[in-house]
2 protein chains.
Amino acid sequence: MGAPAPSPLPASTTPIPLDVPRLRQLLTDPATESVRRRVFTLFEEPVFGLRYGEATADERARTRARWDRMVSAGLFVGCLTSHLPGAPAGAGAAARSRHDAVMECVAYLDHSLEVAIGVHVGLFGGTIALLGSADQAAAWLPGVEAHTMRGCFALTELGHGSNARGIETTAVWDGASGGFILHTPRETAQKYWVGGAAETARWTTAFAQLTVGGVAVGVHPFVVRIRADDGSPVAGVTTADCGVKGGLNGVDNGRIWFDHVWVPRGQMLAGENAVSGAGVYTSRHATPDARFAAQLAALTGGRVGIARLVNNQAKLGLTIAVRYALSRRAFAPSPGAPEARLLDYASHRRRLMVPLATTVVYALAADALKAEWNAHSERKDADGRRVGVTKRLHVLSAGAKALCSWHARDTLQECREACGGQGYKADNRIAGVRATHDISCTFEGDNLVLMHTVAKALLGDYAAVLGARRKPGAPSPSPPLPPFGELLAFLNAPRVGSTPLPPARGGPRDVTSPAFVASVLRAHAATCMTDLAAAYAAASKVASPFGAWNAVATAAAATAAAVMAVHGHAVGSAAVAAAAAAAARDGRAGVAEPLALAVHLHGLGLIGASPGYLRSGALRLDEAAAVEAAVEDGCAALARVARGLVDAFGIPEPLLAPIAGDWVAHNSRARL
Amino acid sequence: MGAPAPSPLPASTTPIPLDVPRLRQLLTDPATESVRRRVFTLFEEPVFGLRYGEATADERARTRARWDRMVSAGLFVGCLTSHLPGAPAGAGAAARSRHDAVMECVAYLDHSLEVAIGVHVGLFGGTIALLGSADQAAAWLPGVEAHTMRGCFALTELGHGSNARGIETTAVWDGASGGFILHTPRETAQKYWVGGAAETARWTTAFAQLTVGGVAVGVHPFVVRIRADDGSPVAGVTTADCGVKGGLNGVDNGRIWFDHVWVPRGQMLAGENAVSGAGVYTSRHATPDARFAAQLAALTGGRVGIARLVNNQAKLGLTIAVRYALSRRAFAPSPGAPEARLLDYASHRRRLMVPLATTVVYALAADALKAEWNAHSERKDADGRRVGVTKRLHVLSAGAKALCSWHARDTLQECREACGGQGYKADNRIAGVRATHDISCTFEGDNLVLMHTVAKALLGDYAAVLGARRKPGAPSPSPPLPPFGELLAFLNAPRVGSTPLPPARGGPRDVTSPAFVASVLRAHAATCMTDLAAAYAAASKVASPFGAWNAVATAAAATAAAVMAVHGHAVGSAAVAAAAAAAARDGRAGVAEPLALAVHLHGLGLIGASPGYLRSGALRLDEAAAVEAAVEDGCAALARVARGLVDAFGIPEPLLAPIAGDWVAHNSRARL
Ligand SMILES: Cc1cc2nc3c(=O)[nH]c(=O)nc-3n(C[C@H](O)[C@H](O)[C@H](O)COP(=O)(O)OP(=O)(O)OC[C@H]3O[C@@H](n4cnc5c(N)ncnc54)[C@H](O)[C@@H]3O)c2cc1C
Ligand SMILES: Cc1cc2nc3c(=O)[nH]c(=O)nc-3n(C[C@H](O)[C@H](O)[C@H](O)COP(=O)(O)OP(=O)(O)OC[C@H]3O[C@@H](n4cnc5c(N)ncnc54)[C@H](O)[C@@H]3O)c2cc1C
């Protein structure tokens, strides 16, 4: 017996049940609730008090003080060492969830702190954990976790960021001394943007082009000391400050030059590739491509984390803006009447409710991705070694990181403007979080480059699916599917033609039905994919691979977004179905209904906002006005439960803002 | 003999002539070139050196020091007093141009400084000039101009911003004492956000609800002292700091409470409305609406200024991003080849070239608006008094302020991301300008509220045009037209139906023709206008005026944008025609061609970006792919002249950024 599907677009007179505590359980893992409570309690100590307008040096000092306090409070105990061999069964998985919950709280407080910890634990520690040998991990991770071995992650150089494979730092195996000579051969090879390198870090994982016996074997990471424990310089290493940034100034990003620095053999991370004492290079990977990809494994985990944590920044902005919109009034509907609340304005609902709906969907999708990533991270191969990042996880994390961070950027901006002048006031938080979050669109992979990565991978997958189909009598591809064949399952859906469209047949579909949204999203993604493949094939006949890709780059990014949209909506719909099933079992309403509304509004918002859906023919011209009307209705409906929804995000009051509460009292003269 | 129209979309092999010095003359008024040179030379003094990461107090002090230096350099001499009676003929107009040129330079250097001066000269001085009597102007403006009478503009209150008419500060005529009692009756009536009120200003124009003889006559401005010249408090006035903001921290925004402050009769600005010694209130305005609108005249000038100056911020970002995109390389097109420049990437061109095109068009439109505003400001009525703001200027300035500031916001963000990590570095300027510019979307009128204002005015105008047409045998309305009937002339163009469209007839049009763009923009605006009027009329039958407006608010803002787009494109096209005519006369190519390309790409960009153009039927589905392809081609073409175009903006090198020059040398270890 199927669960009754909740109406995705209730009439304006139909009450929308809302069970805030249960919704909250869906949006924040109840298993780690006690961790969150512990962290939020710690945040009541003065060092964690929100502060604004400090000079850069003070902001850095405060970030470090907060971090130290979290270390001394034991919040990182086990975050890396629980994964070491010998740790009790299940300890690794539990530690992951715990650390995720800690970071979730930090994301609400201080993005600099989040990034500082992320670089140290996730990138520095993560690289050692993922790429180091068992001995190396056992030797170093306890110190990293205890924060006695403070590290950073030095991949990017002045000359190479997105194209990390082009870095120019060299590491040459020196048989005579039994070590490597690490060197910065020219100015463009200086390490750049390294979080913590200006002041905080003592160690780094430095990535360099390795040459062994005259043979270049590509990019490899080395654990290198960059300053003494007391902070004084070490021979051969020069560091400098990247200086003030547009935000995130609690993080001391720095630059590093290596001047023929000798690195002992044991400090090349040797879990995947190694150089023997006799100078023989061995690699676990068959191809240079695979080898390079494996080196950046820590970045995938980082992207999974960013995809999740940027949603918290969007949640913070929305919580503040929605609460303000319910207490701020402007203009009287009729002379003498009380002024209307901002959320009574259709235009105001429009600017906040679509982002709210999308934030809910992205949060669900990012949580699902995290669960998949964590489960994957616990997997071991026959030799007991970690399994490398799958193409599916690589692609999903890249797409999710890009879309979630762009979404948070736009949402925070909209919240800023929706709060008028108050949205610009530092203690109302939105503007500062907006500025400091901004760089999430660039680091751990520039968003546009990531979207291109997704599109390239999809193109390959598409070709594989088509190839399998074309073989006469071939069974539809069964496992092993192409890496994210699941994502492409929609290609089996009835195909719509490519543009220009044949005239639509039949009357307009019912835009209020979830099936409508799913089918438009799928049809659009399928058409984009088909068109992209055709355009790329055509361009490849007359242009170089570079030229052919350039000819389709804009379409490629749009295709990647279209496919990711299918994925996001599917995750959201699955959550609705699960909630409806649960409600059918226990008779408790209040989760499936608001969720169904959010998922539907998110989908309609996507479909209505871009001309692409009309161009591809996935949405018909005679349906467009109905979609627009349904978006307005959806916003009005969601506004009715908006307060409950943002309450379900569970952000503690002290981390909100004056305008989220009684802002008249807060601004009273008596308080001066 | 008409000038040959330049091709708006040259083939990739056709050279695009570009005459940078002449283009520059078009984009920056040559008549004030010497002023700009003087200001830019002054900016080489140390106090104007670019600085980042300061604490708020230091940033404020630096802004004041810069301002003082500009005063002592005589840069404001005549900016207000040249308009006083007795000044030589033409002095007023010349002073306006000079001051505009000064502000244009300041906009490139320091947005806080721009705003501080804008508030003092434009809002405080401007209010006295526009609303004061001749005696009041003569008494105060010399001190304002000399900066000995430092002022601010106190309209907004904690409780009322957009709805300025709802402010709660009271001013009661007290016949016994021959003055007014100014009072803050409750917390929401405290003045809020007043630029300069926290520390700098000694005087303000305080807006208050005036009551004379028990009769409430609406909002009126009073010149009031808020602190002594030495900065100490004055009786009855409490000030406080608005604190740190998301940017613009060189401006000390403050709050003000009045505790039954007595204001002499002569300090109510009496050019438009006055209270006689006998307590008789007289007003130049027939209705309360007209009276209220007139009080805010200084804001119109402010909006004209913002519309113009935010383009300079976009120009700054684009100059930096384009120059970086021509020197930064990433990824090799083929193994061993040099890496490609960022601007070789189609996706990179797409993100920078459409904004560049739009910036050129908006700059032309804002300059035209400024010229219209300045000319209007010189006009006098039969009594020798300034003519009030016309509805046309009110509306055009509102729309231009909103669209230009949103555009600058988006452009700066795109530039930030297009420069990767470097775009976030403070000394590369983009992130800081982005943050500090942000509030331009809110102050001097929240952008969305302004777009609603435009739409409401258009609706009224539309009804008037229709009414005139309907009278049988009536001549088409001749001057006096409805206030911006010119804007609506397109309604005479062949009408397209409202959505859903009848199937398109005839083949697709030629998207490379400027006539195509103009006709799509006009048809779209006309349909939006028709549909909006119909929807509003229908909604008005079943809902209150508030409800009816709410039902169409989203469509209204889109309609306002559609009409403004027609206007902007028309201004751009006129500039192209004028440049082509000049070239036909003197045979010199290089202005009309790049301009034609920019105007065309801007138009195509608008048409292609929003589903609205397809929904309204102004763009046909079978043309959509061609528009998309033409946008890509246009970006490729504009990229070929992009460096020359940004050079024509004329921003001095010291105001640019390291990444606009030799950023490898800038980052060399030798420079540490
Ligand atoms: C605050 C901050 C912290 C950081 N922390 C670290 C750290 O701890 N460790 C570390 O190693 N790195 C770090 N980074 C570096 C970061 O990862 C890089 O900035 C990022 O990878 C982008 O590289 P880039 O800045 O060189 O930009 P580029 O690669 O030069 O890209 C510039 C622009 O060009 C575009 N572009 C590039 N290639 C293409 C293409 N093929 N097609 C189309 N467009 C393209 C991009 O979209 C982007 O907009 C940090 C950066 C910042 C700003
Ligand atoms: C840095 C800064 C400097 C300033 N300088 C000065 C100054 O010197 N002097 C001065 O007097 N003021 C100043 N202001 C105030 C500024 O003019 C106001 O912030 C602005 O007018 C918006 O008012 P508000 O902030 O009260 O926003 P609100 O009016 O509360 O608006 C909040 C939000 O609600 C929306 N909204 C409001 N009404 C409607 C509606 N009817 N329909 C749909 N949406 C609506 C708006 O779009 C906005 O997003 C300054 C503000 C700032 C932040």
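Small disclaimer: the values here were computed from a predicted structure and weren't measured.

## Description of the interface of chain A and chain B
When the parts of a complex come together, some accessible area is lost, and that lost area is often taken as the interface size.
Reasoning step 1: Contacts between the two partners involve 86 residues from chain A and, on the opposite side, 86 residues from chain B.
Reasoning step 2: Carbon and sulfur atoms supply 56% of the area buried between chain A and chain B, which totals about 7,300 Å² over both sides.
Reasoning step 3: Considering only the surface of chain A that becomes buried against chain B, Y424(A), F546(A) and R669(A) emerge as the three largest contributors, covering 11% of it.
Reasoning step 4: Where chain A meets chain B, there are six salt bridges.
Reasoning step 5: Between R409(A) and E417(B) there is a salt bridge, with its nearest N and O atoms 2.5 Å apart.
Reasoning step 6: Element by element, the count of residues in the side of chain A that touches chain B is highest for helix α17 (residues 621–649) of chain A, at six residues.

## Regarding the confidence of the model for chain A
Residues and elements named next belong to chain A.
Reasoning step 1: Averaged over chain A, the pLDDT score is 92; the fraction of residues at 70 or greater is 93%.
Reasoning step 2: When the criterion is pLDDT under 50, residues 477–483 qualifies, and its contacts beyond four places in sequence or with other chains add up to eight contacts.
Reasoning step 3: Within the model, pLDDT remains below 50 along residues 492–504, and this stretch shows 17 contacts once partners closer than five positions in the same chain are excluded.

## Notes on the site of ligand 1
Reasoning step 1: Not every one of the 31 residues close to ligand 1 is listed here, only the nearest: T156(A), S162(A), D446(A), R328(B) and E417(B).
Reasoning step 2: Nearby residues around ligand 1 are contributed by chains A and B.
Reasoning step 3: A distance of 2.9 Å is found between a nitrogen atom of ligand 1 and a backbone nitrogen or oxygen belonging to W193(A).
Reasoning step 4: The separation between an oxygen atom of ligand 1 and a polar side-chain atom of R351(B) is 2.9 Å.
Reasoning step 5: Calculation on ligand 1 without its partners gives an accessible area of 980 Å², and the protein chains cover 94% of this total.

## Notes on the packing of aromatic side chains
Residue and element names in this part refer to chain A.
Reasoning step 1: Across all of its chains, the model carries 18 aromatic pairs over all chains by this definition.
Reasoning step 2: Ring centres 5.2 Å apart and planes at 65 degrees place the aromatic pair W173 and F180 in the edge-to-face group.
Reasoning step 3: W173 gets classed as buried once you look at its relative accessible area, which sits at 10%.
Reasoning step 4: Judged by its relative accessible area of 1%, F180 falls in the buried class.
Reasoning step 5: Site record: aromatic cluster; members linked through ring pairs are F40, F43 and F48.
Reasoning step 6: It is K456 that lies over the ring of W549; its NZ or CZ is 4.6 Å from the centre.

## With respect to the site of ligand 2
Reasoning step 1: Taken together, 31 residues form the shell around ligand 2, and within it R328(A), E417(A), G421(A), S162(B) and D446(B) come nearest.
Reasoning step 2: Among the chains of the assembly, those with residues near ligand 2 are chains A and B.
Reasoning step 3: Side-chain polar atom of S162(B) to an oxygen atom of ligand 2: 2.6 Å apart, as the coordinates give it.
Reasoning step 4: A distance of 3.0 Å separates an oxygen atom of ligand 2 from a polar atom in the backbone of G195(B).
Reasoning step 5: When residues of the shell around ligand 2 are traced back to their parent elements, those giving at least two are α9 (346–378) and α10 (391–418) of chain A together with β4 (191–195) and α12 (447–470) of chain B.
Reasoning step 6: Looking at the shell around ligand 2 residue by residue, the class counts come to 14 nonpolar, eleven polar and six charged.

## Things to note about the relation of the copies chain A and chain B
Reasoning step 1: Aligned on chain B, chain A shows an RMSD of 0.0 Å; the corresponding rotation is 180 degrees and the shift along the axis is 0.0 Å. Put plainly, the chains are arranged around a two-fold axis.
Reasoning step 2: An overlap of 100% is found between the interface residues of chain A and their copies at the interface of chain B, pointing to a shared contact surface.

About the criteria used
Residues numbered from 1 in each chain as written. Chains lettered and ligands numbered in written order. Predicted model: local features only at pLDDT ≥ 70, side-chain atom pairs only at ≥ 80, totals over all residues. Heavy atoms only, no water. Contact = heavy atoms within 4.5 Å. Buried area = accessible area lost by both parts, 1.4 Å probe. Salt bridge = Lys/Arg side-chain N within 4 Å of Asp/Glu carboxyl O. Helix = DSSP H or I, 4+ residues; strand = E, 2+ residues; numbered from the N terminus. pLDDT = per-residue confidence, 0-100. Near = heavy atom within 4 Å. Polar contact = N/O pair within 3.5 Å; in protein donor to acceptor, adjacent residues only side chain to side chain. Areas by Shrake-Rupley, 256 points an atom, 1.4 Å probe, with all protein chains shown as cover. Phe/Tyr/Trp six-rings, centres within 6.5 Å; stacked < 30°, edge-to-face > 60°. Buried < 20%, exposed > 50% of the residue type's maximum accessible area, 1.4 Å probe, protein only. Lys NZ or Arg CZ within 6 Å of the ring centre and 35° of its normal. Nonpolar A, V, L, I, M, F, W, Y, C, P; charged D, E, K, R; others polar. Least-squares fit on C-alpha atoms with pLDDT ≥ 70 in both.

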